[in-house]
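Observations on the three-dimensional arrangement
Spelled out from the first residue to the last, the chains are:
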Amino acid sequence: QNPADMPHFALRLAATALLLSCANAFSAPGLAMPRLGGGAAVCSVASRGLVAAPARSLRIGAVSRVGLSMGLVDREVITEGDGKTFPQSGDTLTVHYEGTLARGGTKFDSSYDRGSPLQFQIGQGQVIKGWDQGMMDMSLGEKATLTIQPFFAYGPQGSPPDIPPMSTLIFVVELLGINDVKA
């Protein structure tokens, strides 16, 4: 239903219900994201209506937002992947990445500079929450920019000396492999 056709109270009630349904999908200890159709949910109030939609299969330049409408992790596709091979929790991912601070653009880490991609198990807490959530909907071979808000990065403690407290981080990530399947 078009929000413009809804009485003010009904619109507020519908928006509140949507946000609560998205928020209720979070678990307190792990802040696990809601899942829709195997993909991370994108919860927002759109100009034409209320939506909760999966974020997979984005086109180049499209942005998905993982988290409530506050956008804890934004993913912008640079290069599309195969569009069919996606990681599952527990899979071993091989990625190249470069991390910079949103404020000032200072590079703090890069697997490209070391000449060696990183391997980790997704969804197991081995990396920051923004990676666990943002990479879950990347397809094999995809290259994307992840903009990660502080509470899905290093939060109030930061990661001294390179990452100050409450820093928004920007990562360019390239999904090179999922388990034994390479891009």
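One structure accompanies this document, and this report is about it. (Residues numbered from 1 in each chain as written. Predicted model: local features only at pLDDT ≥ 70, side-chain atom pairs only at ≥ 80, totals over all residues. Heavy atoms only, no water.)

Further remarks concern the overall build of the protein chain. Helix and strand content of the protein chain: 3 helices and 11 strands. For the protein chain, the α and β elements follow one another from N to C terminus as α-β-β-β-β-β-β-β-α-β-α-β-β-β. Among the 183 residues that make up the protein chain, the fraction classed as buried is 40%. Long-range contacts, defined as pairs at least 24 residues apart, comprise 60% of the intrachain contacts of the protein chain with a sequence gap of at least 6. (Helix = DSSP H or I, 4+ residues; strand = E, 2+ residues; numbered from the N terminus. Buried < 20%, exposed > 50% of the residue type's maximum accessible area, 1.4 Å probe, protein only. Contact = heavy atoms within 4.5 Å.)

Taken as a class, soluble globular proteins show a tendency for nonpolar side chains to be buried jointly. Of all hydrophobic cores here, the largest spans 27 residues; its most connected members are Trp131, Met135, Ile148 and Phe171. Contributing elements (two or more residues each) for this core: strand E6 (92-101), strand E9 (143-148) and strand E10 (169-178). Looking at this core, the element that brings in the most residues is E10, giving 5 residues. Setting aside residues no more than four positions away along its own chain, Trp131 makes contact with Val95, Tyr97, Leu118, Phe120, Ile122, Met136, Leu146, Ile148, Phe171 and Val173. (Core = buried A, V, L, I, M, F, W, Y, C linked by side-chain atoms within 4.5 Å.)

Going from Pro160 to Pro161, the amide bond is cis rather than trans, its omega being 5°. For Pro161, the position within the fold is in the loop between E9 and E10. Residue Met166 is not a glycine yet carries a positive backbone phi of 55°. You can see Met166 is positioned in the loop between E9 and E10. The exposure class of Met166 is partly exposed, given its relative accessible area of 39%. Residue Asn179 is not a glycine yet carries a positive backbone phi of 55°. Secondary-structure assignment places Asn179 in the loop between E10 and strand E11 (181-182). Note on Asn179: relative accessible area 34%, which makes it partly exposed.

Quick look at the packing of aromatic side chains now. Within the structure shown, the criterion is met by 5 aromatic pairs. Seen in terms of ring centroids, Tyr97 and Trp131 are 5.0 Å apart; in terms of plane orientation they differ by 75°. Their pairing is edge-to-face. Within this pair, whereas Tyr97 is found in strand E6, its partner Trp131 is found in helix H3 (residues 129-134), the two being separated by 34 residues in sequence. Each member of the pair Tyr97 and Trp131 is classed as buried. On the basis of an interplanar angle of 45° and a centroid distance of 5.7 Å, the ring pair of Phe120 and Trp131 is categorised as tilted. (Phe/Tyr/Trp six-rings, centres within 6.5 Å; stacked < 30°, edge-to-face > 60°.)

This brings us to the side chain of Asp91. With respect to the helices, strands and loops of the structure, Asp91 is situated in the loop between strand E5 (73-79) and E6. Residue Asp91 is classed as buried on the basis of its relative accessible area, which comes to 15%. Reaching out from Asp91, the side chain makes a polar contact with the backbone nitrogen of Gln88 at a distance of 2.8 Å. Discounting residues that sit within four places of it in the chain, Asp91 has contacts with Phe86, Phe120, Gln121, Ile122, Ile178 and Asn179. (Polar contact = N/O pair within 3.5 Å; in protein donor to acceptor, adjacent residues only side chain to side chain.)

For the rest of this paragraph, the subject is the side chain of Arg75. Residue placement: Arg75 occurs in strand E5. By relative accessible area, which is 2% here, Arg75 ends up buried. In terms of polar contacts, Arg75 uses its side chain to reach the backbone carbonyl oxygen of Asp137, at 3.3 Å. Separated by 3.0 Å, the side chains of Arg75 and Glu142 make a polar contact.

So yeah, pure geometry; function would need other evidence.
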